[in-house]
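Commentary on secondary and tertiary structure
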Amino acid sequence: SLDKQCAAAFTPTLYDGLDLMIATAFHSVVFAIQAAIPLIAINYAPKVHRLMTDIGLEEYILEPHAWEQAPALVARVLANHDQLVVQLQDITRTLTNSARQTLEIVRTQIETSVVAPEGRRGPVVTIVVIGSNSDHDNQTTLDSCLEQTYENIEIIFVGSRTAALSPEISCIAGDSASTLGEKLNLAAALATGDYLSWIKAGDFYTTDAIDYLLQQAAELDCEMVYADYYTVDEHQRLCNAHVVHPSYKLFRGDVVGPCFLYRRSMSALVGSFKTESPLAAYDYWLRAQQVAVLRPLHTRLFYTMTAHRSEQTPQAERLTRRHWRAGRSWPHRIIGQLLDTTLVNARVIRPAMGLLRKVRRVLQ
């Protein structure tokens, strides 16, 4: 908000071509080191001095009160730029290898000291994988499903068969289905799971995601759970972390996100996916909240390469809500259309939500 030329959203590509970083927070020191960007670290806390000293870059520490030394430090960094880039690359490589070795030791200790439970075969979970034209993306997602700690999983792949497709995966030719709703309806006819979910090619789960989602669905005694998630770029580098909102906010937008699990019983109540709806998934959640309990989980279990929202998303959501209200009573349609207008949203809904948040903070 201070610099109009600054990008509205963070992406790792913002580091490309950066000559140096003046790091004002510890995480920015870490990011600069990982990205091999020469840096000056503001020594606002002991951890900054400790890290820079441990990696041999103590001469590029700037004390908060010594601001007049900044120009000389900047000149020194730029003069040694190429050498520093090579040094930071070596540091990152060394630290990464050290972390991997440590994690391998921890993994070995866990595997040798903990007896794995036998016969962990609870309800069947069906995961529908929406394939793409990229074999790499398809395989990344399928591997993520196959490597789950939960055992009793049925995988249905909708798309062109690939050479790397495992025999335990069911494949549906999705060429005849042009929309997400059509593909999901094809898969639903084949699915046998007690719980259902779907995932797009290129996205992937943490290894215990299904196990945790299933456990929480049982403990919370609800028809559906959905979780926080990360966005990543094509190199699987983290771009952002996303927090999902309560389901009552569905009337304003799709708050569910790409990581979820729901019971087949809910599917029977909601029915098939509306192929004519602009956003088939959002339409499905709108109908689901009327007949089921949807609970958010604030644990990040998922990585997606697709931004959940774009500039076109609000308009598509507005059209989806209009389509969803088409079969409802006229008072509901009129109220819904009023709530969907930009004026009412700016003058009524946002101030009301802000007031509710203030009241909640006072009560807490």
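Heads up: the structure comes first, above all this text.
The sections below set out a description of the structure shown in this document. Values in this document were obtained by computation on a predicted structure and should not be read as measured data.

Focus: the sheet that holds strand S14 (residues 302–304)
Pairing in this open sheet of 4 strands is mixed, and the strands run S8-S14-S10-S11 from one edge to the other. Where the open sheet ends on each side, the last strands, each with one partner, are strand S8 (204–205) and strand S11 (238–242). As paired elements, strand S10 (residues 229–232) and S14 share 2 bridges and run parallel to each other. Residue pairing in the sheet places Thr231 in a bridge with Thr304 of S14.

Observations regarding a positive patch on the surface
Judged by side-chain charge, Arg252, Arg350, Arg357, Lys358, Arg360 and Arg361 come together as a positively charged surface patch. Looking at the secondary structure, you find Arg252 in the loop between S11 and strand S12 (260–263).

A short note on the side chain of Arg287
Assignment of secondary structure puts Arg287 in helix H9 (residues 280–288). If we skip the residues at most four places from it in the chain, Arg287 touches Val270, Gly271, Ser272, Phe273, Lys274 and Trp324.

Here we look at the environment of Leu146
Mapped onto the fold, Leu146 is located in helix H5 (residues 135–146). Beyond its immediate stretch of four places on either side in the chain, Leu146 contacts Ile155, Ser166, Glu168 and Ile169.

So, the environment of Pro246
With respect to the helices, strands and loops of the structure, Pro246 is situated in the loop between S11 and S12. For Pro246, a relative accessible area of 31% corresponds to the partly exposed category. Residues Pro246 and Pro296, 50 residues apart in the sequence, show an inter-C-alpha distance of 6.0 Å.

Some words on the pairing of S11
When S10 meets S11, the two strands line up antiparallel, connected through 4 bridges. Opposite Thr231, over in S11, you have Asn240 as the bridge partner. In textbook terms, the turn of a hairpin is the stretch between consecutive antiparallel strands, and for S10 and S11 this stretch comprises 5 residues, one of which, Gln236, has a positive phi near 65°.

Considerations on unusual backbone geometry
Backbone geometry at Ala36 places phi at a positive 60°, although glycine is not the residue there. Of the residues examined, Ala36 reaches a relative accessible area of 14% and is grouped as buried. One non-glycine residue with positive phi stands out, namely Gln236, at about 65°. When you line up the elements, Gln236 lands in the loop between S10 and S11.

Some details on the nonpolar core
Val125, Trp198, Leu213, Met224, Tyr262, Met266 and Trp285 are the most contacted members of the largest nonpolar core, which totals 57 residues. In terms of residue count, the dominant contributor to this core is H9 (6 residues). With near-sequence residues (within four places) excluded, Met224 lies in contact with Val256, Phe260, Leu261, Tyr262, Met266, Trp285, Val293, Leu294 and Arg295. Residues Met52, Leu57, Ile61 and Leu88 belong to the second largest nonpolar core, which totals 29 residues.

The rules we used
Residues numbered from 1 in each chain as written. Predicted model: local features only at pLDDT ≥ 70, side-chain atom pairs only at ≥ 80, totals over all residues. Heavy atoms only, no water. Pairing = 2+ DSSP bridges. Helix = DSSP H or I, 4+ residues; strand = E, 2+ residues; numbered from the N terminus. Patch = residues over 30% accessible without salt bridge, like charges linked within 9 Å, V, L, I, M, F, W, Y side chains within 5 Å. Areas by Shrake-Rupley, 256 points an atom, 1.4 Å probe, with all protein chains shown as cover. Salt bridge = Lys/Arg side-chain N within 4 Å of Asp/Glu carboxyl O. Lys, Arg positive; Asp, Glu negative; His and termini not counted. Charge placed at Lys NZ, Arg CZ, Asp CG, Glu CD. Contact = heavy atoms within 4.5 Å. Buried < 20%, exposed > 50% of the residue type's maximum accessible area, 1.4 Å probe, protein only. Core = buried A, V, L, I, M, F, W, Y, C linked by side-chain atoms within 4.5 Å.

Spatial relationships are all this shows, so hold off on functional conclusions.
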